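In case you want the letters, here they are:
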Amino acid sequence: MAGFWVGTAPLVAAGRRGRWPPQQLMLSAALRTLKHVLYYSRQCLMVSRNLGSVGYDPNEKTFDKILVANRGEIACRVIRTCKKMGIKTVAIHSDVDASSVHVKMADEAVCVGPAPTSKSYLNMDAIMEAIKKTRAQAVHPGYGFLSENKEFARCLAAEDVVFIGPDTHAIQAMGDKIESKLLAKKAEVNTIPGFDGVVKDAEEAVRIAREIDGVLLSLPRLECNGTISAHCNLCLPGSSDSPASASLVAGITGYPVMIKASAGGGGKGMRIAWDDEETRDGFRLSSQEAASSFGDDRLLIEKFIDNPRHIEIQVLGDKHGNALWLNERECSIQRRNQKVVEEAPSIFLDAETRRAMGEQAVALARAVKYSSAGTVEFLVDSKKNFYFLEMNTRLQVEHPVTECITGLDLVQEMIRVAKGYPLRHKQADIRINGWAVECRVYAEDPYKSFGLPSIGRLSQYQEPLHLPGVRVDSGIQPGSDISIYYDPMISKLITYGSDRTEALKRMADALDNYVIRGVTHNIALLREVIINSRFVKGDISTKFLSDVYPDGFKGHMLTKSEKNQLLAIASSLFVAFQLRAQHFQENSRMPVIKPDIANWELSVKLHDKVHTVVASNNGSVFSVEVDGSKLNVTSTWNLASPLLSVSVDGTQRTVQCLSREAGGNMSIQFLGTVATSSLSVEICLFWTFQVAEGQEICVIEAMKMQNSMTAGKTGTVKSVHCQAGDTVGEGDLLVELE
Amino acid sequence: MAAALRVAAVGARLSVLASGLRAAVRSLCSQATSVNERIENKRRTALLGGGQRRIDAQHKRGKLTARERISLLLDPGSFVESDMFVEHRCADFGMAADKNKFPGDSVVTGRGRINGRLVYVFSQIRASAMSPRLVSDSWTQAIHLPWPPKVLGLQDFTVFGGSLSGAHAQKICKIMDQAITVGAPVIGLNDSGGARIQEGVESLAGYADIFLRNVTASGVIPQISLIMGPCAGGAVYSPALTDFTFMVKDTSYLFITGPDVVKSVTNEDVTQEELGGAKTHTTMSGVAHRAFENDVDALCNLRDFFNYLPLSSQDPAPVRECHDPSDRLVPELDTIVPLESTKAYNMVDIIHSVVDEREFFEIMPNYAKNIIVGFARMNGRTVGIVGNQPKVASGCLDINSSVKGARFVRFCDAFNIPLITFVDVPGFLPGTAQEYGGIIRHGAKLLYAFAEATVPKVTVITRKAYGGAYDVMSSKHLCGDTNYAWPTAEIAVMGAKGAVEIIFKGHENVEAAQAEYIEKFANPFPAAVRGFVDDIIQPSSTRARICCDLDVLASKKVQRPWRKHANIPL
């Protein structure tokens, strides 16, 4: 299969993603072997387009077989590179994942237990058994699960199986927040001012919190990054009732401070304290939480950086002491400490800061003899001061943006390095080519605290791979279940372009063209974020979402012209459906006489407001008058396609008609947000009198002669102002037409 | 619509003209004027109905008038009215007085088109749409009948409107006769209080005349009833004889006798809604096939529904323009059947994925939910879909589901609509309730219907096809044209557990025996090797295969031996 894979990739990429010719369908025997090709093809497309820039040297022998100890998109991602490198793959899966994409993609698959992760993907015994059974030479852990588990790495080492990741020593050193901070300091990396040790009790916590600035001043290397000036600002005198005085106090005492668990992660055991009282409470609560969550109640205290950005540096090291920094990723858009939108490079960094951060990251990697792909996370304040946060000793979720701008295949490099090969690149080779943005598409309801997980079956699913500059990393297919057992991420949608504007434009298009049905998804939120003016300007921080949507996310707010566009599209779509309903194959005994309707008078209810719309069509062009303004809507009107590409007065829009009822209710996804409108043909009540042109309206008797008055044009009788037998004079209004 | 309007406009002109002339030429042509005037007056009375105030009142109740309903149901300008001048012929109780007569009586009849296709329509007029003078007359006020009622129960009717007179019935019969002759469907918009008591037996005769036409037309042209107001007594049997009965929620009722009679006879306290509302008939009794939110929703859905039907039994199933590729693969079907054979899934998901544009007009969606029936299109052609629903009672067949399925299958067969059957059935539902209820007799109806059907029959076994139910569900043995099994199919006499308990009674190693049985029978091979399924297909290819088969089967012809009519076990 691997050979077939490599061989067909360009062919498939050249556009054979379509349906199979009908005659092939009829061969059910053939279908069995071909059935996977359909989704391979989409993966192929991506591989060839994005990762193809990095050559694979077939003479460079790495492994024969790799076991991928993960599931979902990252397992698929790793398997893809393995296939490219001619390596056989083994997937592990829980019983509910038996027919998932990563299992189908891999050459072999082993079930490692029931659905709960603790019994399957975290079940080291079963995984070790699978490794033995399949004789895999190496294990790629992906991210999450066992990727930063030193115990697992140790077990593998004992069995002589290569762990594709850093050494146990590095995992351990970086996994502990106190140890990693000490190491970072030793490697002369900027760290957040704070107390570098375990805090014994609440009172000590308060003492330390007050003194943090003092600690700060004793830190080395302050001179080179301007930290002093930043904090000098805090010490500027201000009037006592202004907000500045609060920062003055904070400046003196060191508040606000962050109390966090040494063994923590994911926001657990973390607390912000603004004064002594909060410090005492925070200490107590955090140590309880840390004890229950991690079995380790050691806490540390550091200065809390308000309104920071989250920027991280990708590093890559080998076993020969080489290490590179592969530029940064901006990951500030987060909710509940989870990243939502990431990009590379960061709009905020200048070349100098980037190099300073990169060099410090590499220094840290060297200090722990780091030999794989890893990420050094920094908090960056508004003055471009950066502070080491932590180092992730694994492949990050958001690694694709780095791959897009550097052209490297990080998984391939990880595998090479794990085998012991030296890095092929020099720091000077690493450039920034264009701009890449990643959106994490989740099965969650963005209208509830920016994302409440939802579950369900993907009844329809179509990735926007037909667009240029789009990469989708996913591990699902139409019909997949988003279950309660695992992360509700549907996919990572990555777009790239020559600059940020192009990448963002492509992202908006890609989100509009992404078909996800059957589960609630967060596309509405993602699309709002990337077109938000603050985001576009690059004015972002980790508080972005709560700052921009203080009352929670409410969906896209339509402007007047957007609303008119939506009404015009909905009306055109409604009429297109009505017209299509009259198209019968003409072989019936009785002829079909299509009604001749020149103007469709519709009333459209949108967001509880009723709009009057008049639509008429000429072929595929609809001219629609919405509340008095005229719009032209053009499309192919393929009513079976989940995506409808329309042009409204030249503006290209992709909408999705999610549901349509015979009664006139229609749900349309427009600009990411779903609008429900209810349409109805205006009920022409039978007592409206229509007259045709030339028709006699009334007869006036004058000079003993009868004169008939006829209608000048076709219209409806609005009102009659005279009665039979009335005497009428010149200029009198008799009958009103409209 | 336009025709009617034009008529109205002409009427208006005539009025002006006639009045203008009156003074000048009255003596010369009094005869002609008088006729014209009378024509105009009659038309105006017929068209304007109860006037704006009454129409507003009707709208406030969320209801449309009889003519508005017709104008919404039919294509604009296509309605051609007949018998606008018919009046009732009753002379008793002062009914002969001019003020108690009005043109057209209490029903609007005629023909028109829905999406360009011919249909005959009648729409009954309730009081609100009638002439105000008629409604305000004292004799139309509440009439209390002694028990037992002399005419089919009319206990709670308070107004004259919509009640069926001899003339009313004659008008309906006339359009039905013509519909049968030309071969076009009849749609009734029912809103009738029942028999017109003043007319006595003539009214009853009128009902019987309509019943006879309903039966004559049955299987010749599709007949649809939309219940848009209270229908009591004799008025309920015509809808019952038609092919489909739809209702409007909250405003329509169907019952033989109203709550008052029920109270006096059985001493039950029951509201109109509980006794014969849309919910009752679509979930409990199975009398109505579907209910809609309001008049507009119902009429729009009726237009939508009409597009699925052929005009008559002489016509093939209609083929509408289709944008959905017939050879579309449906990858999501490959994983839809759960791995555990006891786990439920939603058969409607499969139907949506397979048919054109996910459009499925389900019939009786809330009654006997263990079977799914409804109309859809494959490559534009109307098909009837029958499917077991594993989500409800494991998809077993019971009395209600058998009857529901059988009637639907017979409709499709009568009107040349191909049948596609999705099978996941664990068998017939056991138990005393079912046996006492006559599951044997009722189950036989579905069996009979499938065996009798000569339209193209395509069957897909998605999972279980156990026991007698396997035979019933359009199996190869009942002349299924194409029978497919998915790889997940299990075709056997019963599930492994039950089978092993019988075959290996007293056997020690039950589990091994069970495993052996599963290995042998819980797969599609036993049926496939015998040719009982034509092929084992990949689920994702189901749509393409069915569309291809239907193209071939379109010319299917079956000759049955002559008989007067068959004798289905009713």
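By the naming in an unreviewed UniProt entry, chain B goes by Propionyl-CoA carboxylase beta chain, mitochondrial and is assigned to Homo sapiens. Here is the UniProt Subunit (unreviewed entry) comment for chain B, exactly as written: "The holoenzyme is a dodecamer composed of 6 PCCA/alpha subunits and 6 PCCB/beta subunits." Entered under Pathway (unreviewed entry) in the UniProt record, the comment concerning chain B runs "Metabolic intermediate metabolism; propanoyl-CoA degradation; succinyl-CoA from propanoyl-CoA: step 1/3."

*Asks:* Residue-level account of the overall build of chain A, with values.
*Replies:* A count of helices and strands for chain A gives 22 helices and 36 strands. Counting the 738 residues in chain A, one finds 56% classified as buried. When contacts within chain A are restricted to residue pairs at least 6 apart in sequence, those whose partners lie at least 24 apart make up 63%. In the structure as shown, chain A presents an accessible area of about 30700 Å², 52% of it carried by carbon and sulfur atoms.

*Asks:* Break down the domain arrangement of chain B for me, with residues and values.
*Replies:* In terms of domain boundaries, chain B breaks down into domain 1 (40–128 + 156–307), domain 2 (331–489 + 533–553) and domain 3 (493–523). Averaged C-alpha coordinates put domain 2 of chain B and domain 3 of chain B at centres separated by 27 Å.

*Asks:* If you had to explain the packing of aromatic side chains to someone new, which residues and values would you point to?
*Replies:* Residue and element names in this part refer to chain A. A complete count under the given rule lists 30 aromatic pairs over all chains for this structure. On the numbers, 6.2 Å between centres and 55° between planes, the contact of Phe450 with Tyr549 is tilted. A residue pair is termed long-range when its members are at least 10 positions apart, and Phe450 in the loop between strand S16 (444–445) and strand S17 (452–453) and Tyr549 in the loop between helix H21 (544–548) and helix H22 (560–580) qualify at 99 residues. Residue Phe450 is classed as buried on the basis of its relative accessible area of 13%. Tyr549 sits in the buried class, given a relative accessible area of 12%. Their ring planes at 85° and their centres at 5.3 Å tell us that Tyr549 and Phe553 sit as a pair that is edge-to-face. Across the pair, Phe553 and Tyr549 agree in class, each one buried.

*Asks:* Describe the sheet that holds strand S3 (residues 108–113) of chain A, naming the residues involved and giving the relevant values.
*Replies:* All names here are of chain A. Strand order in the open sheet formed by five strands is S3-S2-S1-S4-S5, and the pairing between neighbours is parallel. Of all strands in the sheet, those bounded by a partner on one side alone are S3 and strand S5 (162–163). Of the pairings in the sheet, the one linking strand S1 (residues 65–68) to strand S2 (residues 88–94) comprises four bridges and is parallel in character. Paired with Lys65 across the two strands is Lys88, which belongs to S2. Most of the contacts of helix H7 (residues 124–134) go to S3, to which it runs at about 155°, and overall it touches S1, S2, S3 and strand S4 (138–140).

*Asks:* Describe helix H7 (residues 201–217) of chain B, and please don't skip the residues or the numbers.
*Replies:* Counting along an α-helix, one turn takes 3.6 residues, and residues three or four places apart therefore face a common direction. Residue and element names in this part refer to chain B. The end-to-end C-alpha distance of H7, which contains 17 residues, comes to 24 Å, matching closely the 24 Å that a straight helix rising 1.5 Å per residue would cover. Within the span of H7, buried status applies to Ser203, Gly206, Tyr207, Ile210, Asn214 and Ala217. Axial view of H7: buried residues confined to an arc of 100°, hence all on one face. Summarising the geometry of H7, the exposed residues directed more than 90 degrees from the buried face are Val201, Leu212 and Val215. Packing partners of the buried residues in H7 comprise helix H6 (166–182), strand S5 (223–227) and helix H8 (237–241). Gly219 lies just past H7 and shows a positive phi near 80°.

*Asks:* Give me the packing of helix H18 (residues 496–503) of chain B against helix H19 (residues 510–521) of chain B: which residues, what numbers.
*Replies:* Residues and elements named next belong to chain B. With their axes 9 Å apart at the nearest point, H18 and H19 run at an angle of 120° to one another. Relative to H19, the element H18 lies oblique. Relative to H19, the crossing made by H18 is right-handed. Residues Ala496, Lys497, Ala499, Val500 and Ile503 of H18 form the contact with H19, whose participating residues are Val510, Ala513, Gln514, Tyr517 and Ile518. Looking at the contact of H18 with H19, its residues break down into eight nonpolar, one polar and one charged.

*Asks:* So, the pattern of salt bridges: which residues are in play, and what are the values?
*Replies:* Taken as a whole, this structure holds 61 salt bridges over all chains when the rule is applied. One salt bridge connects A:Glu342 with A:Arg440, and the closest N-O pair in it is separated by 2.7 Å. Pair noted here: A:Glu342 is in strand S12 (residues 338–344) and A:Arg440 is in strand S15 (residues 435–442), with a separation of 98 residues, a long-range link. Comparing A:Glu342 with A:Arg440 shows no difference in burial state: the two are buried. A salt bridge links B:Asp324 to B:Arg543, with the nearest nitrogen and oxygen atoms 3.9 Å apart. Within this pair, whereas B:Asp324 is found in the loop between helix H12 (295–306) and helix H13 (347–354), its partner B:Arg543 is found in helix H21 (residues 542–553), the two being separated by 219 residues in sequence. Accessibility assignment for this pair places B:Asp324 and B:Arg543 in one class, buried. Each of A:Glu312, A:Arg329, A:Lys339, A:Glu342, A:Glu377, A:Glu398, A:Glu438 and A:Arg440 takes part in a single network of salt bridges with overlapping partners.

Rules of the game
Residues numbered from 1 in each chain as written. Chains lettered and ligands numbered in written order. Predicted model: local features only at pLDDT ≥ 70, side-chain atom pairs only at ≥ 80, totals over all residues. Heavy atoms only, no water. UniProt positions renumbered as here; feature names shortened; annotations may be inferred. Helix = DSSP H or I, 4+ residues; strand = E, 2+ residues; numbered from the N terminus. Buried < 20%, exposed > 50% of the residue type's maximum accessible area, 1.4 Å probe, protein only. Contact = heavy atoms within 4.5 Å. Areas by Shrake-Rupley, 256 points an atom, 1.4 Å probe, with all protein chains shown as cover. Domains from an automatic or database assignment. Phe/Tyr/Trp six-rings, centres within 6.5 Å; stacked < 30°, edge-to-face > 60°. Pairing = 2+ DSSP bridges. Axes fitted to C-alpha atoms, helices over the stretch in contact; angles between N-to-C directions. Expected span 1.5 Å × (residues − 1). Arc of directions from axis to C-beta. Parallel < 35°, antiparallel > 145°, perpendicular 65-115°, else oblique. Left-handed = near helix turned anticlockwise from the far one by under 90°. Nonpolar A, V, L, I, M, F, W, Y, C, P; charged D, E, K, R; others polar. Salt bridge = Lys/Arg side-chain N within 4 Å of Asp/Glu carboxyl O.

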